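Here is what each chain is made of, one letter per residue.
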Amino acid sequence: MKNKFKKNAVGCLFAIILISFTIHCTAQGNKQSNEKIVRTVYTAYEKKDWNMLKSVLADGFTFSSPVDVPPIDVKKYKEKCWPNCDNIKKFEIDKLMVDGNNAFVTYHCWTINGKVLCNTEYFSLKDGKIKGLVCFFGPGIGFPDNKEK
């Protein structure tokens, strides 16, 4: 009886460890996948590839910023924000933090004119796509086609 109990206890302990490891690996996999999806946005802007960007945007995608309240849909985003890609030379991601289906990114962006801007963006993701993006403009020029500075 004791041996049978020990066998069952060891089996249960092994199952608990295996389940915990599987959950941890799944969470890590989702985190890495969501990080890759977020990075795709910046790569698409650098490469001026709308199809690359569109491939990671969910149906019902919305964008907002201090100048886009209420949020705009993907059609308006393409009209208003996408042309900025022509002014972008490169992004340098300073910090990318993923927590489940949420991500925050702080970056520096260099324009083709040599100007630098620093922004923070919040992403909400669902089913491997970006459902929402909120951009918080930093000091300076704010966005690549800003003519004020």
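Residue positions are given per chain, counting from 1 as you read along its sequence in written order. At least 70 in pLDDT is required for a residue's local features to be given in this predicted model, at least 80 for side-chain atom pairs to be given and counted, and no such filter applies to totals for whole chains, interfaces and linings, which use all residues. The side-chain figures draw on all heavy atoms in the structure; neither hydrogens nor water molecules are used.

As for the overall build of the chain
- Of regular secondary structure, the chain possesses three helices and six strands.
- Helix and strand assignments come from DSSP, with helices taken as H or I runs of at least 4 residues and strands as E runs of at least 2, each series counted from the N terminus. Taken from N to C terminus, the helices and strands of the chain fall in the order α-α-β-β-α-β-β-β-β.
- Going through the 149 residues of the chain one by one, you find that 31% of them count as buried.
- Long-range pairs, those at least 24 residues apart, make up 45% of the contacts in the chain with a sequence separation of at least 6.
- As displayed, the chain offers around 9600 Å² of accessible surface, 59% of which is attributable to carbon and sulfur atoms. Only protein chains enter the accessibility calculation, which uses a 1.4 Å probe. A residue is then buried if its area is under 20% of the maximum for its type, exposed if over 50%, and partly exposed in between. Two residues qualify as a contact provided that any one of their heavy atoms is within 4.5 Å of a heavy atom in the partner residue. Per-residue accessibility takes into account occlusion by the displayed protein chains alone, with areas from the Shrake-Rupley method and a 1.4 Å probe.

Section: the nonpolar core
- Y45, L53, Y77, F123 and I130 are the most contacted members of the largest nonpolar core, which has 31 residues in total.
- Looking at this core, the elements with two or more residues in it are α1 (2–47), α2 (50–54), β1 (57–64), β3 (88–99), β4 (102–111), β5 (116–126) and β6 (129–137).
- A per-element tally of this core places α1 first, with six residues.
- Setting aside its immediate chain neighbours within four residues, Y45 contacts L53, Y77, C81, W82, N84, C85, I88 and F91. Residues belong to one nonpolar core when they are buried, are Ala, Val, Leu, Ile, Met, Phe, Trp, Tyr or Cys, and are joined through side-chain atoms within 4.5 Å.

Quick look at the pairing of β1
- In this scheme, strands are said to pair when DSSP sees at least two bridges between them. By the bridge criterion, four bridges tie β1 to β6 in an arrangement that is parallel. Within β6, the residue paired with T62 across the bridge is G132.
- Of the strand pairs in this sheet, β1 and strand β2 (residues 72–73) are connected by two bridges, and their pairing is antiparallel. Note on β2: the bridge partner recorded for F63 is I72.

Quick word on the environment of D86
- Topologically, D86 is positioned in the loop between α3 (74–80) and β3.
- Sequence separation between D86 and K48 is 38 residues; the distance between their C-alpha atoms is 7.0 Å.
- D86 has contacts with K48 and I112, leaving out every residue within four places of it along the chain.

Describing the confidence of the model for the chain
- Looking at any residue, its pLDDT shows the predictor's confidence there, from 0 to 100. Mean pLDDT over the chain: 82, with 72% of residues reaching 70 or higher.
- Per-element mean pLDDT across the chain ranges from 65 in α1 up to 98 in α2.
- Note on residues 17–28: pLDDT is under 50 here. Beyond four places in sequence and across chains, it has zero contacts.

So, the sheet that holds β4
- Here we have six strands laid out as an open sheet, ordered β2-β1-β6-β5-β4-β3, and mixed in their pairing. Single-partner strands in this sheet number two, and they are β2 and β3.

Remarks on the packing of aromatic side chains
- Working definition: rings of Phe, Tyr and Trp (its six-membered ring) pair if their centres are within 6.5 Å, and the pair is stacked with planes under 30 degrees apart, edge-to-face with planes over 60 apart, and tilted otherwise. One pass over the structure, following the stated rule, counts 10 aromatic pairs.
- Ring plane angle 80 degrees and centroid distance 6.5 Å describe the contact between Y45 and F91, whose orientation is recorded as edge-to-face. Pair noted here: Y45 is in helix α1 and F91 is in strand β3, with a separation of 46 residues, a long-range link.
- Here F91 falls in the buried class, since its relative accessible area comes to 14%.
- Connected via pairs of aromatic rings, a cluster forms that spans Y42, Y45, W50, W82, F91, Y107 and F123.
- Sitting over a ring, as applied to charges here, requires NZ of Lys or CZ of Arg to be within 6 Å of the ring centre and within 35 degrees of the ring normal. A cation sits over an aromatic face here: K90 above W110, 4.8 Å from the ring centre.

Side note on the environment of G138
- Among the structural elements, G138 can be located in the segment after β6.
- Along the primary structure G138 and N119 are separated by 19 residues, whereas in three dimensions their C-alpha atoms are 4.7 Å apart.
- What G138 contacts, discounting residues up to four positions off in sequence, is C118 and N119.

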